[in-house]
Amino acid sequence: MASSVSAFLRRRCRMSRGSLGMIQSFTRSLNSQTKAAAVLDDPALNYVIVQGSGNSRTAVLNRPSTLNALNTSMGNRLQKLYEGWENDPDVGLVALKGSGRAFSAGGDIVGLWQLINKGDREACKDFFWTLYSFIYLLGTYLKPHVALLNGITMGGGAGVSIPGTFRVATDKTVFATPETLIGFHPDAGASFHLSHLSGCLGEYLALTGDKLNGAEMSACGLATHYSLHAKLPLIEEQIRNLVTDDPSVVEASLEKYSDFVCPDNMSIIQRTETIDRCFGHETVEEIIDSLEVEAASTRDPWCISTLKRLHDASPLSLKVALRSIREGRFQTLDQCLIREYRMSLQGISKQITNDFCEGVRARMVDKDFAPKWDPPSLEQVSKDMVDQYFSPLNENLGPELELPTMQREAFR
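As a starting point, this report considers the structure included with it. A quick note: this is a predicted structure, and the numbers were derived from the prediction, not measured.

Our next topic: unusual backbone geometry. With omega at 0°, the peptide bond leading from Asp-374 into Pro-375 counts as cis. Among the secondary structure elements, Pro-375 is positioned in the loop between α18 (355–365) and α19 (383–389). Of the consecutive residues Gly-398 and Pro-399, the connecting peptide bond is found in the cis state with omega at 5°. Tracing the backbone shows Pro-399 in the segment after α19. In this structure, Ala-188 is a non-glycine residue whose phi angle is positive, near 55°. Positionally, Ala-188 belongs in the loop between β8 (174–176) and α8 (190–193). Located in the positive-phi region is Arg-299, a residue other than glycine, with phi close to 55°. With respect to the element layout, Arg-299 can be found in the loop between α14 (284–298) and α15 (301–312).

The strand order β4-β6-β8-β9 describes an open sheet built from four strands, whose pairing is mixed. Both edges of this open sheet fall to β4 (102–104) and β9 (212–213), since each of them pairs with a single strand only. Of the strand pairs in this sheet, β8 and β9 are connected by two bridges, and their pairing is antiparallel. In the strand pairing of β9, Phe-175 is matched with Leu-212.

A word on the pattern of salt bridges. Inspection of the entire model under this criterion finds 19 salt bridges. Of the charged contacts in the structure, one is a salt bridge between Arg-329 and Glu-203, with a shortest N-O distance of 2.9 Å. Of this pair, Arg-329 sits in the loop between α16 (315–328) and α17 (333–348) while Glu-203 is found in helix α9 (residues 201–208), placing the two residues 126 residues apart along the sequence. You can call Arg-329 partly exposed: its relative accessible area is 26%. The class of Glu-203 is buried, set by a relative accessible area of 1%. The shortest N-O distance in the salt bridge between Asp-387 and Arg-323 comes to 2.6 Å. Here Asp-387 is found in helix α19, whereas its partner Arg-323 is found in helix α16, with 64 residues between them in sequence. The class of Asp-387 is partly exposed, set by a relative accessible area of 22%. In the salt-bridge network here, residues are joined through shared partners; they are Arg-323, Glu-327, Arg-339, Lys-383 and Asp-387.

What follows concerns the nonpolar core. Ranked by internal contacts, the top residues of the largest apolar core, which has 89 residues, are Tyr-82, Leu-207 and Phe-279. The biggest single contributor to this core is helix α6 (residues 121–139), with twelve residues. Leaving out residues up to four positions away in the same chain, Phe-279 has contacts with Cys-200, Glu-203, Tyr-204, Leu-207, Thr-208, Ile-287, Leu-291, Thr-306, Leu-310 and Arg-326. If you look at the next biggest cluster of nonpolar residues, it comprises 13 residues, including Val-146, Ile-235, Ile-239 and Tyr-257.

Parameters and conventions
Residues numbered from 1 in each chain as written. Predicted model: local features only at pLDDT ≥ 70, side-chain atom pairs only at ≥ 80, totals over all residues. Heavy atoms only, no water. Helix = DSSP H or I, 4+ residues; strand = E, 2+ residues; numbered from the N terminus. Pairing = 2+ DSSP bridges. Salt bridge = Lys/Arg side-chain N within 4 Å of Asp/Glu carboxyl O. Buried < 20%, exposed > 50% of the residue type's maximum accessible area, 1.4 Å probe, protein only. Core = buried A, V, L, I, M, F, W, Y, C linked by side-chain atoms within 4.5 Å. Contact = heavy atoms within 4.5 Å.

Written out as structure tokens, the structure reads:
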């Protein structure tokens, strides 16, 4: 927890020296680029509602029928709200939560799939540009931020919460980055926050899409606090009544309602040695070979289920995801987001593969759970195919994502 506060203070000190005017200039330009003016007339504004007055504001993701899946309108709305609150001297604290049984299940991938099938490439680019730009804003935010991760928190839902100052997980929290199972890659900043977990836990989560509960999120550092679901009304009331922009005061308030919990003996947190031994290899093939040796010698059901997850995933996505996590370990947040934007556009372009559309069709649309991956095996995934995901965008897919790194400094 102390590291979250110190990182926040370093961020605010770096940016407080005459940069607000430049930030405001950038955000006006960004709003224009992402067509925010048009979004202001969008009836989907009620997909993000605002609670609170005085010193605190809470943004509520409000698409419970889709598990608060994020779309472009929601990203623009969040960007506009957060910019306004950051520049408002009367607002000291910002929070984010979801309505219903989810914080956010991630990006609206079915909506994205529909846009791809309609050939609306510009709308697809707007989606990623808007979401990643907001994630960078959150990761460099000048005011304390509290994300209440109650319920399903996956993919882009993790992206719009983990870069903030504080993340409160509960006994209802379910975290995952399941992108390889739909022919995509862990994005929305995942290559940054997963790669900074201890050992090879990031590789494991990125490749398998396995779930963590709230206690596990707290134990590995993805969450800064853990509280029982029943205490959330008390936490929310505390946030509403705080009059401060001091992260240490916010932290002390969250600590009042924190519960001590340890992952049980079956948790993957208790398997760090095995995970590091198997997922520390250089290639996906070597990782699978190591797991097969482990399974043969121990007959551990966990090894068998992990192998099944890897065999169910897109072979190309597995190789792309592994390289992404390994690169993210040596990059700042902005570098990860810029690279992920490039990878995302390459991944949906159909110039390399149709795996994303096929994965969404199989799991989310037709629900036959029988995707036909292309290529169908790891042996058929060439180095050139993987390299193309990381290649600069051509004229048809460009320009590259632009972030205000001169005004809002990223962090490691």
